[in-house]
Amino acid sequence: MLSNENLDVFYALRRKELKRSVRDVYSKVGTPINVGGLAFLTGGTLDGEKEKRLGAEFRTALSQLISQLGKPNISDFFPALAWLDVQGVERNMKKVSNWMEHIFDFVIAQKRKLCEVDHVRAKEKKYWGKDFMEVLMDYKDHDTGVGNHHMVQRKSHLNKLTYLHAVVKETLRLHPVAPLLLPRSPTKSCTVGGYTIPKGTKVFLNAWAMHRGPQFWANPTEFRPERFLEAHDESKLDYSGNNLSYIPFGAGRRMRAGLVLGERMLMHVLAVLLHLFEWELPSGARLDSEEKLGIVLEKSTPLVVVPVPRLSNLDLCE
């Protein structure tokens, strides 16, 4: 599902949803907006206030899920007590998981209802794949250039934005999304670096510390994207985990399954929003880059900025 071929097929749909987000930003020009909230306002299944309410609800549920995942659980240290669920972690996890499943079920039900009402789709309801592809083809892109009269669209456009790629890499070096990555557990006892790791031990890799190690990086606490442009072999400083001093998404067989999709979406969204808007802090506000540590790294203060259009051609978001 996440192969390069399939991602290329669904490119047009991603572009459509990004344009919806751009239109939403244009409707809020001159007013402060929470950048983090933009990701929860796309989907295309619901409209208007219903979509905003559900997006806010999903974000709250996701936040609670992340909080539960990062909470120390005494059962991990004393497995014999696991059945007691002393801290209620398992109970709370089931509650949040059921909440998220309820949201998914609601969205799916709404989508099915829309398909039943739409007579065109109703005629082809046995061929949902074909119908979906027709939607994609309606938004097929034929533009080849980027400038004041085009929106960043094609993969070929993104490949030319080398400095933006470097900025994203440097940001993920200093602020990895999952600072401890996903826990590992050896299937048999082993020795690593002179330390014995018993079978079944839960092992965390501190990617946050590795990315700031002075033995790997010059001036490690300095934000300097140029370091990725100066690398002798840039392929060793990509997201594939080939260089173990830079593993924002892990390495080996335990890498993030959605890495390719995430990289494409992040670059596409950033490129479009930076191309179409200037971003300013609200009057009197200061930029805060402090972190809130957890299983997922978050800003201690949400990023709130004011969008100002850069281009006069509003048709770019149509």
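Use the structure listed above.
Basis of the calculations
Residues numbered from 1 in each chain as written. Predicted model: local features only at pLDDT ≥ 70, side-chain atom pairs only at ≥ 80, totals over all residues. Heavy atoms only, no water. Phe/Tyr/Trp six-rings, centres within 6.5 Å; stacked < 30°, edge-to-face > 60°. Helix = DSSP H or I, 4+ residues; strand = E, 2+ residues; numbered from the N terminus. Buried < 20%, exposed > 50% of the residue type's maximum accessible area, 1.4 Å probe, protein only. Lys NZ or Arg CZ within 6 Å of the ring centre and 35° of its normal. Pairing = 2+ DSSP bridges. Contact = heavy atoms within 4.5 Å. Axes fitted to C-alpha atoms, helices over the stretch in contact; angles between N-to-C directions. Expected span 1.5 Å × (residues − 1).

One pass over the structure, following the stated rule, counts eight aromatic pairs. Centre to centre, the rings of Y239 and F249 are 5.5 Å apart; their planes meet at 80 degrees, and the pair counts as edge-to-face. Here the residue Y239 occupies a position in the loop between α11 (226–229) and α12 (259–276), and F249 occupies one in the loop between α11 and α12, the gap between them amounting to ten residues. Here the two residues Y239 and F249 agree in accessibility, since each one is buried. Taken together, the aromatic side chains of W217, F228, Y239, Y246 and F249 make up a single cluster linked through ring pairs. Taking the ring centre of Y239 as reference, the NZ or CZ of K169 above it sits at 6.0 Å. The cationic tip of R173 hangs over the ring face of W217; the distance from NZ or CZ to the ring centre is 5.2 Å.

For the rest of this paragraph, the subject is the environment of V96. Assignment of secondary structure puts V96 in helix α5 (residues 89–117). The class for V96 is buried, based on a relative accessible area of 4%. Taking C-alpha positions, V96 is 6.4 Å from A61, a pair spaced 35 residues apart along the chain.

This part takes up the sheet that holds strand β4 (residues 277–280). As summarised here, the arrangement of the three strands in space is β1-β7-β4, forming an open sheet in which the pairing is antiparallel. Strands at the two margins of the open sheet, each flanked by one partner only, are β1 (33–34) and β4. Sheet analysis places β4 next to strand β7 (residues 304–309), joined by four bridges and oriented antiparallel. The residue bridging F277 from the neighbouring strand is P309, located in β7. Against the sheet, helix α2 (residues 11–26) engages β1, β4 and β7, with an angle of about 55 degrees to β4. Along the sheet face, α12 touches β4 and β7 and points at about 85 degrees away from the line of β4.

This brings us to α12. Compared with an ideal rise of 1.5 Å per residue, which puts 18 residues at 26 Å, α12 spans 26 Å between its outermost C-alpha atoms and is within 8% of the ideal. Those residues of α12 that sit buried are L259, R264, M267, H268, A271, V272, L273, H275 and L276.

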